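# Structural overview
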Amino acid sequence: MPQPRPRSEPPPGTTQPPEADVLRHLLRTPGYLKLLAFCALIGVPVSLAAFWFLVALHKAEHALWADLPEALGWDVPPWWWPLPLLLVAGTAVGLIAAHLPGRGGHIPAAGVQMGDTTPAVLPGVVLAAAASLPLGAVLGPEAPLIALGTALALLFRDLSQAPATPQGTALVGAAGAAAAIAAIFGNPLVAAVLLVEVAGVGGPQLFAVMLPSLLSTGIGSLVFTGLGRWTGLSTGDLTLHLSVPVPHLDAADVLWSVVIAVALALALHPVLNGARAIAGYVAARPLVRTVLCALGAAACACLYALLTGRSPVEVASSGQATLAALASDPHAWGVGALIAVLAFKGAGYALCLGSLRGGPVFPALFLGGAAGVLLAPLPGLGIVPAMAAGMAATAAGALRLPVSSVVLVVLLLGSAAMMPVVILSAVVAFVVTEMLPAGRAVH
């Protein structure tokens with residue numbers, strides 16, 4: 001009886017692809033295996049540092065926006081509350097950008113990126129994030145976390161006197177960034193996919209290959225899971241606290257998702273281009289102009305609170321907590337409040353992207369979710385598909401990372417049943433955004 005062929009060997013008469021030989025040789029290299037082991041070890045301290053960094057930001061934000069107003073006799077922060085907080089934030093970030101190495105991290109208007117983060121810039125990154133995020137910047141923590149993880153991983157590499165090769169530096173930095181970013185998304189898959197796209201290993205060719213594949217999987221899942229009551233195969237459940245049941249998709253949901261994606265990509269484009277223009281404006285005089293932009297974002301939150309009677313924190317924040325509240329009780333928001341929060345948070349988002357320090361992910365998700373709730377009464381559309389389409393469109397438009405946007409939104413929604421809508425919206429929004437005129441580059 002012939003012996004079974006090992007799975008790693010090619011069938012007789014076939015030629016092994018060169019890529020497979022290269023990969024097998026790399027995996028058998030002692031240096032690479034040591035690098036894998038080192039990345040596994042540094043994942044522990046980096047994850048702990050990222051966890052406590054997020055805990056500190058959350059505690060500070062809660063103290064400033066909930067505990068302190070309550071101690072002074074207000075159930076919610078008064079309308080003027082963002083002004084002193086963002087004045088402090090703008091002053092601190094302006095001083096850090098003007099005087100510390102690395103300018104406090106990369107400008108968030110440039111999008112999520114790895115950058116050339118070194119241990120020397122780590123103090124500025126941490127201080128700028130601590131001055132921006134708890135005090136009301138319309139930004140999320142993901143960009144500082146990427147910088148934190150990268151810098152800490154390289155610092156541990158230097159302390160251990162491990163060899164510093166260009167390839168090793170890139171791999172160690174990416175491993176540290178992934179370990180840190182997983183802390184905020186709560187899922188290692190999101191972190192891994194995000195870092196693959198952010199690193200841009202394949203360049204434009206990677207996106208050229210991924211987009212048709214991503215789109216075909218979205219269409220294919222409609223075939224497998226079906227429309228309406230034809231459910232097909234079970235897709236499983238994830239975790240999110242939506243107040244309404246997840247519906248079966250129908251043709252109206254799919255068609256509206258494409259329309260929503262185009263509309264939100266067009267609406268978000270001037271916001272992002274405006275943020276890049278603001279970044280160029282701030283670069284000339286970082287201290288004074290950072291303060292002015294921070295006060296402008298505070299004014300957006302104040303006007304929103306005055307006009308709607310709602311809390312200014314709904315504008316002056318990353319939107320992470322507000323998005324959860326919106327998903328759990330979307331009917332608590334009237335049409336006027338939704339329009340106001342989209343307008344004022346969008347303006348504050350542009351100002352903070354160009355001046356303060358943080359990441360673009362969570363405000364974009366909130367804007368998409370709020371737009372979805374506003375558009376949900378369209379004929380044949382429901383709240384869950386509308387929110388799914390809205391969040392996927394704004395995430396892909398703001399981040400220009402379509403696969404990461406799909407994975408993140410599906411996990412946030414808590415149901416793979418919306419995956420076709422999410423994929424279609426993300427791909428359409430990404431393509432529309434890339435075809436629109438590009439704004440000025442951010443340096």
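Structure shown above.
Okay, so let's go over this structure. The structure displayed is predicted, hence computed values, not measured ones.

## Brief notes about the overall build of the chain
- Within the chain, the secondary structure is distributed over 16 helices and zero strands.
- For the chain, the residues scored as buried account for 48% of the 443 residues in total.
- Sequence-distant contacts in the chain: of pairs separated by 6 or more residues, those separated by 24 or more amount to 78%.
- Accessible surface for the chain amounts to roughly 19900 Å². Of this, 70% is attributable to carbon and sulfur atoms.

## What to know about the environment of alanine 179
- Summarising the element assignment, alanine 179 is placed in helix 6 (residues 166–185).
- Overall, alanine 179 belongs to the buried group, its relative accessible area being 17%.
- With residues up to four places along the chain from it excluded, the contact list for alanine 179 reads Gly43, Val46 and Ser47.

## A few points about a nonpolar patch on the surface
- A cluster of nonpolar side chains, namely Leu68, Leu72, Trp74, Trp79, Trp80, Leu83, Leu303, Leu306 and Leu307, defines an oily patch on the protein surface of about 860 Å² accessible area.
- At three residues, helix 10 (residues 286–308) tops the list of elements feeding residues into the nonpolar patch.
- Its place among the elements puts tryptophan 80 in the loop between helix 2 (30–71) and helix 3 (82–99).
- Residue classification places tryptophan 80 among the partly exposed positions, given a relative accessible area of 34%.

## Description of the packing of helix 9 (residues 251–284) against helix 14 (residues 383–399)
- Their axes nearest at 8 Å, the elements helix 9 and helix 14 cross at an angle of 35°. Along this stretch, helix 9 crosses helix 14, giving a crossing that reads as right-handed. Contact with helix 9, carried on its side by Asp253, Ser257, Ile260, Ala261, Leu264, Leu268 and Leu272, involves Pro385, Ala386, Ala389, Gly390, Ala393, Thr394, Gly397 and Ala398 of helix 14 and no other residues of that element.
- Tallied by class, the residues present in the contact of helix 9 with helix 14 amount to ten nonpolar, four polar and one charged.

## A closer look at the environment of proline 379
- Relative to the elements of secondary structure, proline 379 occurs in the loop between helix 13 (361–375) and helix 14.
- Distance in space between the C-alpha atoms of proline 379 and aspartate 253 is 9.4 Å, their sequence separation being 126 residues.
- Not counting residues within four places of it along the chain, the set of residues in contact with proline 379 comprises Ala252 and Trp256.

## Some details on the state of the cysteines
- For the structure shown, the criterion picks out zero disulfides.
- Free of any disulfide, cysteine 302 has its nearest neighbouring cysteine sulfur in cysteine 300, separated by 9.2 Å.

## A word on the packing of aromatic side chains
- In this structure the tally under the stated criterion is five aromatic pairs.
- With centroids separated by 6.0 Å and ring planes inclined at 70°, the aromatic side chains of tryptophan 74 and tryptophan 81 adopt a geometry described as edge-to-face.
- Owing to a relative accessible area of 33%, tryptophan 74 belongs among the partly exposed residues under this scheme.
- We classify tryptophan 81 as buried; its relative accessible area is 5%.
- Taking 5.6 Å as the distance between ring centres and 45° as the angle between the ring planes, the aromatic pair formed by tryptophan 80 and tryptophan 81 counts as tilted.

## Looking at the pattern of salt bridges
- Counted under the stated rule, the structure contains two salt bridges.
- One salt bridge connects glutamate 434 with arginine 400, and the closest N-O pair in it is separated by 3.6 Å. Here the residue glutamate 434 occupies a position in helix 16 (residues 419–435), and arginine 400 occupies one in the loop between helix 14 and helix 15 (402–413), the gap between them amounting to 34 residues.
- Taking relative accessible area as the criterion, glutamate 434 reaches 40% and is therefore assigned partly exposed.

## Section: helix 16
- Taking 1.5 Å per residue as the helical rise, helix 16 with its 17 residues ought to reach 24 Å, and the 24 Å between its terminal C-alpha atoms agrees with that figure.
- Burial of helix 16 is extensive: twelve of the 17 residues sit out of reach of the surface.
- Residues of helix 16 that are buried: Pro420, Val421, Val422, Ile423, Leu424, Ser425, Ala426, Val427, Ala429, Phe430, Val432 and Thr433.

## A short note on helix 11 (residues 320–328)
- Thr322, Leu323, Leu326 and Ala327 are the residues of helix 11 that are buried. Down the axis of helix 11, the buried set is contained in an arc of 140°. They therefore lie on one face.
- Contacts from the buried residues of helix 11 go to helix 12 (335–355), helix 13 and helix 14.

## Some remarks on the nonpolar core
- Counting residues in each nonpolar core, the largest one holds 116 residues, and the members touching the most others are Leu145, Ile181, Phe185, Leu326, Leu365 and Val422.
- Looking at which element gives the most residues to this core, the answer is helix 14, with 13 residues.
- Once residues lying within four places of it in the same chain are set aside, the contact partners of phenylalanine 185 are Glu142, Val190, Leu194, Val361, Phe362 and Leu408.
- Residues Leu35, Ile42, Ala153 and Val172 belong to the second largest nonpolar core, which totals seven residues.

## Focus on the environment of methionine 387
- Residue position: methionine 387 is located in helix 14.
- The exposure class assigned to methionine 387 is buried, which follows from its relative accessible area of 1%.
- When the C-alpha atoms of methionine 387 and glycine 368 are compared, they prove to be 6.8 Å apart, with 19 residues separating the residues in sequence.
- Apart from residues lying up to four places away in sequence, methionine 387 is in contact with Leu323, Leu326, Ala327, Gly369, Gly372 and Val373.

## So, the side chain of threonine 150
- Following the sequence through the fold, threonine 150 ends up in helix 5 (residues 142–159).
- Only 2.8 Å separates the side chain of threonine 150 from the backbone oxygen of isoleucine 146, close enough to count as a polar contact.

## What to know about unusual backbone geometry
- Positive phi, normally seen in glycine, also occurs at arginine 103, with a value near 55°.
- As for its position among the elements, arginine 103 is in the loop between helix 3 and helix 4 (122–132).
- Judged by its relative accessible area of 37%, arginine 103 is partly exposed.

Conventions adopted
- Throughout, a residue's number is its position along its own chain's written sequence, starting from 1.
- Only residues with pLDDT of 70 or above have their local features reported here, since the model is predicted, and side-chain atom pairs are shown and tallied only from 80 upward, although totals for entire chains, interfaces and linings are computed over all residues.
- Only hydrogens and water are removed before side-chain values are computed, so all heavy atoms of the structure are retained for them.
- The numbering of helices and of strands both runs from the N terminus, where a helix is a DSSP run of H or I of at least 4 residues and a strand a run of E of at least 2.
- Three labels apply to residues, based on accessible area from a 1.4 Å probe with only protein chains included: buried if under 20% of the type maximum, exposed if over 50%, partly exposed otherwise in between.
- By definition, residues are in contact when any of their heavy atoms lie within 4.5 Å.
- A 1.4 Å probe and the Shrake-Rupley method give the accessible areas. Residues count as covered only by the protein chains that appear here.
- What goes into a patch is any residue over 30% in relative accessible area without a salt bridge, connected to like charges within 9 Å or, for nonpolar side chains (Val, Leu, Ile, Met, Phe, Trp, Tyr), within 5 Å.
- Counted as salt bridges are all cases of a side-chain nitrogen of Lys or Arg within 4 Å of a carboxyl oxygen of Asp or Glu.
- Fitting a line to C-alpha atoms yields each axis, with helices limited to the stretch in contact; the angle taken between N-to-C directions then spans 0 to 180 degrees.
- With the far helix as reference, a near helix turned anticlockwise by less than a right angle produces a left-handed crossing, and one turned clockwise produces a right-handed crossing.
- For this classification, the nonpolar set comprises Ala, Val, Leu, Ile, Met, Phe, Trp, Tyr, Cys and Pro, the charged set comprises Asp, Glu, Lys and Arg, and every other residue, Gly included, is treated as polar.
- Our working definition of a disulfide is a cysteine sulfur pair at a distance within 2.5 Å.
- The criterion for an aromatic pair is that two Phe, Tyr or Trp rings (for Trp, the six-membered ring) have centres within 6.5 Å, with stacked assigned to planes under 30 degrees apart, edge-to-face to planes over 60 apart and tilted to the rest.
- In this scheme, a helix's expected span is set at 1.5 Å multiplied by one less than its residue total.
- Directions are taken from the helix axis to each C-beta atom, and the arc is the one they span.
- Definition used in this section: a nonpolar core is a set of buried Ala, Val, Leu, Ile, Met, Phe, Trp, Tyr and Cys residues joined via side-chain atoms within 4.5 Å.
- Any pair of nitrogen or oxygen atoms within 3.5 Å is treated as a polar contact; in protein, a donor-acceptor pairing is required on top of that, and neighbouring residues in sequence qualify only through side-chain atoms on both sides.

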